[in-house]
Amino acid sequence: MSDPVSIVSSLAATAFVAVAGKNADPIVRPSDRADAQINGVLPLAKSLGRNPREVAEELVSKLNLEGTCSKVEIAGPGFINLTFDDGFLLRELQKALTSERLGVGAAEVSRRIVVDYSAPNVAKEMHVGHLRGTVIGDALVRMLQFVGHTVIRENHIGDWGTPFGMLIEHLLDVGETSAADELSLGDLNGFYKAARAKFDADDTFKERARLRVVSLQGGDSETLRLWRILVAESTRYFNTVYQRLGVLLTDDDLAGESKYNDLLPKVVERLRDKGILEESDGAEVVFPPGFLNRDNEPLPMIIRKGDGGYNYATTDLACVLDRIERLQVSLMLYVVGSPQAQHFQMLDAVCRMAGWMGDTDEAVHVAFGSVLGSDRKMLKSRDGDTVKLVELIDEAIDRAAAAVANKNPELSESERANVARMIGIGAIKYADLSTDRIKDYIFDWDRMLAFEGNTAPYLQYAHARICSIFRRAGVDRGALRGGDIAITHPAERALVIRLLQFDTAVGETIERYSPHRLCTYIYDLATDFTAFYENCPVLKAETDELRESRLRLADTTALVINRALGLLGIESPEVM
Ligand code: ARG
């Protein structure tokens, strides 16, 4: 804990107990009138039936803020305004600087967590819709790991089910080698569409596809061999996308639908043993309480269809069993678009009915909205197709390269390429992460690549600029660390307070699984740094001590920006 607001909050909580004789939330918030304000007096006074001003006075007399606050004032009907002591702020900053995570505390309880994210479908293109799930999931993985949780990444790719009958037959028609070439090059849509077109037009092909599904499910070895080609080529292609995007997913994280195939009969058996499996229109279903269809009739989760086939839901049930019982996790995050909200609500309900998930187990649907074009409709390419993720990545890097060439023509070609990659990828990721995930957002090249405003390039530039201050000064950043930092100007003070809020920003982001909170923090930090840099000469500071102190503040800012962007999966260039 390094945020002075949190520190004061816990001190205030003790005083509240002393006055109220019970726990009461002091509600301490950053404030414009002072550094922080205690807002909990009014509700407390009300619950005690006492005069708020009097309660505030009693609280202040019991508050031990010696060495923490330089000024404590009662304002209005009973607000308590606090001004932090500069020495306290600087001590906390030094503590944060020597701590492992720059002041960010470890999670109180370290949990085992599965993060289910990305999950494209085999032999189908990764489109812009997969961007969000991939980027948000990856940021959450990094943050959860950072605060000490054990995180298991699972990429629940769609690699099983009826479409594979037609895909395998099409593979045979095209010939294995050329099919493999087509798929590994990333022409997944072409392949899928061709298979689909034949399936729709040609009854013999349709019959072949049907029989092929039967062999696949029956475990026929030749069919499985062909199926593996499809999966291997597609995942190879997904990996190139992951690598270019700089996300953590690798083959080790694959946990596709096929992996749970053998568990499906067990799901049925266990639901039946529990007495919650019912028959409905020839299918085997579970009715979780509280779910109704449009006609207000109970809505079933279909476990096994009349023809004996299993469902997407059955696989997800098997997944939960595997995660809870084999992987021993207590939290499962599903980073999946909001249209699947009901599916995940029903999944949770059924798992609780079945007794597979108890009070300490949690499944959270980390839902997200869509990526829209400037027409506010789903983002489409010029020819009206869904936008391929690779094309988006290429374009981002191209545009970033042009911007960098313009901004800094002195960079060598290889430097420019590297910086352009960091900026282009950073811009796409940040545009996605900085909007509340629940909302849709409009994909706008100019805005995301702008060097001003709440964008990745602006934050990356703030970082690069600090690095350049050190280059100009000829000072090694590491060598300066550990020395004194002073507060001599309000802009320095504001920057110190902001730096200390990194802990809170990470905490709030994790609490709501909302990366945009961390984005807002980094943006505020960069803005505070700009104000500091404009008001407080660094290299031309009046004394050597002050110069070093300000260099240390700049260094700390760069460290926090770098770490915070890193938690979002975004790199921080040293030159730009
Ligand atoms: N492959 C699925 C789709 O494209 C997403 C899977 C999400 N994860 C899960 N466990 N259901 O819709």
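Note that the structure is a prediction, hence the values are computed from the model and not measured.

Looking at the pairing of strand S10 (residues 331–334)
Of the two faces of S10, the one holding Leu331 and Leu333 and the one holding Met332 and Tyr334 are both buried throughout. Here strand S5 (residues 112–116) pairs with S10 via four bridges, running parallel. Residue Ile113 lies in a different strand from S10, and its bridge partner there is Leu331. Pairing geometry for S10 and strand S11 (residues 362–365), over four bridges, is parallel. Paired with Tyr334 across the strands is His365, a residue of S11. Handedness of the crossover joining S10 and S11 through helix H13 (residues 341–353) is recorded here as right-handed.

A look at the site of the ligand
By nearness alone, every residue bordering the ligand is listed as Asp116, Ala119, Asn121, His156, Tyr312, Asp316, Tyr334, Val336, Gln340 and Phe344. About the coverage of the ligand: the protein hides 86% of its 350 Å² of free accessible area. Of the residues belonging to the shell around the ligand, the class tally is five nonpolar, three polar and two charged.

Brief notes about the nonpolar core
Judged by nonpolar contacts, the single largest core of 156 residues is most densely connected at Phe502, Leu518 and Leu568. Examining the composition of this core, we find that 11 residues originate from one element, helix H10 (residues 221–245), more than from any other. When neighbours within four sequence positions are excluded, Phe502 is seen to be in contact with Arg101, Leu102, Val104, Leu518, Tyr521, Val560, Arg563, Ala564 and Leu567. Ranked by size, the runner-up nonpolar core spans 37 residues in total, among them Leu264, Val329, Ala349 and Met357.

A closer look at helix H19 (residues 490–500)
Counting buried positions along H19 gives eight out of 11 residues, so the element sits mostly inside the fold. Taken together, the buried positions of H19 are occupied by Ala491, Glu492, Arg493, Leu495, Val496, Ile497, Leu499 and Leu500. The inward-facing, buried residues of H19 contact helix H1 (4–20), strand S4 (79–84), helix H4 (86–98), helix H20 (502–512), helix H21 (515–535) and helix H22 (544–567).

Here we look at the packing of aromatic side chains
Inspection of every chain in the model, using the stated rule, returns eight aromatic pairs. Ring geometry for Phe529 versus Phe532: centroids 5.6 Å apart, planes at 50 degrees, classification tilted. With a gap of three residues between them, Phe529 and Phe532 both fall in helix H21, about one helical turn apart. Both residues of the pair, Phe529 and Phe532, count as buried. Counting every residue linked through ring pairs, the aromatic cluster contains Phe529, Phe532 and Tyr533.

Re the side chain of His130
Residue placement: His130 occurs in helix H5 (residues 128–146). A relative accessible area of 12% means that His130 is categorised as buried. Those residues within four positions of His130 in sequence are excluded, and the remaining contacts are Ser118, Ala119, Pro120 and Glu125.

Points about the side chain of Thr235
Of note, Thr235 is situated in helix H10. According to the relative accessible area criterion, Thr235 is buried, its value standing at 7%. Among the polar contacts listed, one links the side chain of Thr235 to the backbone oxygen of Ala232, at a separation of 3.1 Å. Sequence-distant contacts of Thr235, that is, excluding residues within four places in its chain, are made with Ile157, Asp251 and Leu254.

Rules used in this analysis
- Residues numbered from 1 in each chain as written.
- Predicted model: local features only at pLDDT ≥ 70, side-chain atom pairs only at ≥ 80, totals over all residues.
- Heavy atoms only, no water.
- Buried < 20%, exposed > 50% of the residue type's maximum accessible area, 1.4 Å probe, protein only.
- Helix = DSSP H or I, 4+ residues; strand = E, 2+ residues; numbered from the N terminus.
- Pairing = 2+ DSSP bridges.
- Right-handed = clockwise from strand over helix to strand, strands pointing away.
- Near = heavy atom within 4 Å.
- Areas by Shrake-Rupley, 256 points an atom, 1.4 Å probe, with all protein chains shown as cover.
- Nonpolar A, V, L, I, M, F, W, Y, C, P; charged D, E, K, R; others polar.
- Core = buried A, V, L, I, M, F, W, Y, C linked by side-chain atoms within 4.5 Å.
- Contact = heavy atoms within 4.5 Å.
- Phe/Tyr/Trp six-rings, centres within 6.5 Å; stacked < 30°, edge-to-face > 60°.
- Polar contact = N/O pair within 3.5 Å; in protein donor to acceptor, adjacent residues only side chain to side chain.

The quantities given are spatial measurements derived from coordinates; they are silent on function.
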